[in-house]
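# Observations on chain architecture
Residues per chain, in single letters:
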Amino acid sequence: TLASILRHGAAVCALAVAAALPAAAKDFRIAVGDGAGGTQEALGRAFIAALEKQTGGAHTAKLFLNGQLGDEQDTVTAAATGTLDFSILAINNITPFSPTVGVLTMPYVIMSQQDAETLTQGEIGQSLVDRTIEDAGVRILGWGYSGFRVLTNSKRPVQTPEDLKGLVIRVPKNEIMIETYKAWGVDPTPMAWSETFAALQQGVVDGQDNPYMTIHAMNFDEVQKHVTNIRSIFSIEPLVVSEQLFQSLSPEEQQQLVAAGKEATQASSAFLKAEEARIRDELAARGMQIADPADGEAQFIELATGKVWPRFTDSIGGKEVLDRALAALGRPAT
Ligand code: MLT
């Protein structure tokens, strides 16, 4: 009948209009573990700018700094279950949910920013993204680069593993990092990131390790005096999106998110190069005493690689995975 033709026509028209309209504007929430002024905030800001550009201003996002939306490890669970959209956190706080990313926190595998970029931006990085989706329910969209995690403490200069004895050191709840300190002869205190500043301030722990950028963003110089330039872990701070959220988006929106993540990665690389030395000098000017480890770090390196690599090779996916990473960095196989 004419009526049914008209009804059908109207429905077709409505569909056509819906398809042509931009997706409803979205204002995502991004959890950020650190305070303002560090790598995580810079990565987040670069991502938001790129997202707004990619979507012609349709979608945006807000950063919630300083663990306001939960401790870093808890944000992984929240994003996986879809109660949180995005999180920016240290890679070591994803490892408990997806052990293969442990290759990025194996001590002394990554020896420069270039190494960090080679592992994260190439084929190996893509396989880590895939595994993290499967294991942890979050998709790494962008990689933040934060520099080496240097060792800080409130008590005394440390230049050898021997000097560490008797100090209470906070570590993330990450088996590889716990065992690294054990290899150096101390029994560290695993603790959530969100509790670390207070624990340092109250003297519950004497020290911790994190990059200069993070020490600065967290004002750790107020409660820590001595710095040792160890290079066991180059800190990588990814931006992850809830995979549930990602799968609910249109293919076009998914592409926009991926492209924005790539732009944010490039911005983070430039940010670290531009800022790290200045931040280190500022911390020194505020009174932090910075020292290099003795003997070119030989003892730290030997103990950590000798004890930690064999122990965690299986958890990161086996000898081939570690050797593939080392080969990508031009280093000999194990
Ligand atoms: C940690 O030590 O738990 C993290 O590396 C902190 C951070 O995200 O900056």
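These figures come from a predicted structure and were not determined experimentally.

What counts, and at which threshold
- Residues numbered from 1 in each chain as written.
- Predicted model: local features only at pLDDT ≥ 70, side-chain atom pairs only at ≥ 80, totals over all residues.
- Heavy atoms only, no water.
- Helix = DSSP H or I, 4+ residues; strand = E, 2+ residues; numbered from the N terminus.
- Rg over C-alpha atoms; globule rule 2.2 N^0.38 Å.
- Contact = heavy atoms within 4.5 Å.
- Lys, Arg positive; Asp, Glu negative; His and termini not counted.
- Charge placed at Lys NZ, Arg CZ, Asp CG, Glu CD.
- pLDDT = per-residue confidence, 0-100.
- Near = heavy atom within 4 Å.
- Polar contact = N/O pair within 3.5 Å; in protein donor to acceptor, adjacent residues only side chain to side chain.
- Nonpolar A, V, L, I, M, F, W, Y, C, P; charged D, E, K, R; others polar.
- Buried < 20%, exposed > 50% of the residue type's maximum accessible area, 1.4 Å probe, protein only.
- Pairing = 2+ DSSP bridges.
- Axes fitted to C-alpha atoms, helices over the stretch in contact; angles between N-to-C directions.
- Parallel < 35°, antiparallel > 145°, perpendicular 65-115°, else oblique.
- Salt bridge = Lys/Arg side-chain N within 4 Å of Asp/Glu carboxyl O.

Let us look at the overall build of the protein chain. Broken down by element type, the protein chain carries 13 helices and 10 strands. Taken over C-alpha atoms, the radius of gyration comes to 22 Å for the protein chain, in line with the 20 Å a tight globule of 334 residues would show. Projected onto the principal axes, the alpha-carbon positions of the protein chain cover approximately 90 × 45 × 30 Å. In the protein chain, the proportion of contacts linking residues at least 24 apart, taken out of those at least 6 apart, comes to 76%. Averaging the positions of the 27 positive and the 40 negative side-chain charges in the protein chain gives two centres separated by 1 Å.

Moving on, we come to the confidence of the model for the protein chain. In this model, the protein chain carries an average pLDDT of 94, and 93% of its residues clear a pLDDT of 70 or more. Two numbers describe this predicted complex: its pTM, 0.92, and its ipTM, 0.96.

This brings us to the site of the ligand. Asp34, Gln40, Glu72, Arg149 and Arg170 are the nearest of the 13 residues found near the ligand. Note that an oxygen atom of the ligand is positioned 2.7 Å from one of the side-chain N or O atoms of Arg149. A per-class count over the shell around the ligand returns 3 nonpolar, 5 polar and 5 charged.

This next bit is on the pairing of strand E7 (residues 207-211). Counting buried positions along E7 gives 5 out of 5 residues, so the element sits mostly inside the fold. Side chains of E7 alternate between two faces, with Gly207, Asp209 and Pro211 and Gln208 and Asn210 buried alike. One ladder, built from 5 bridges, connects strand E4 (residues 138-153) with E7; its direction is antiparallel. Note that in E7 the partner of Asn153 across the bridge is Gly207.

Moving on, we come to unusual backbone geometry. One can expect most non-glycine residues to show negative phi and most peptide bonds to be in trans. Residues other than glycine seldom take positive phi values, yet Asn66 does so here, at roughly 60°. With respect to the helices and strands, the residue Asn66 is situated in the loop between strand E2 (59-64) and helix H3 (72-80). The backbone of Glu297 sits at a positive phi, close to 75°, despite the residue not being glycine. In this structure Glu297 comes out as buried when scored by relative accessible area, which is 2%.

On to the environment of Leu151, then. Position of Leu151 among the secondary structure elements: in strand E4. The class of Leu151 is buried, set by a relative accessible area of 1%. Setting aside anything within four residues of it in sequence, one finds Leu151 in contact with Val158, Leu164, Ile169, Tyr181, Gln208, Asp209, His226, Val227, Thr228 and Ile230.

To continue, consider the packing of helix H4 (residues 113-121) against helix H11 (residues 251-285). Relative orientation of the contacting elements H4 and H11 amounts to 170°, with a least axis distance of 12 Å. Overall, the two elements H4 and H11 adopt an arrangement that is roughly antiparallel. Where H4 abuts H11, its residues Gln113, Glu117 and Gln121 lie against Thr265, Gln266, Ser269, Leu272 and Lys273. Grouping the constituent residues of the contact of H4 with H11 by class yields 1 nonpolar, 5 polar and 2 charged.

One pass over the structure, following the stated rule, counts 18 salt bridges. For the salt bridge of Lys62 with Asp27, the shortest nitrogen-to-oxygen distance reads 2.6 Å. With Lys62 in strand E2 and Asp27 in strand E1 (residues 26-32), the pair connects residues that are 35 residues apart, well separated along the chain. Residue Lys62 is classed as partly exposed on the basis of its relative accessible area, which comes to 44%.

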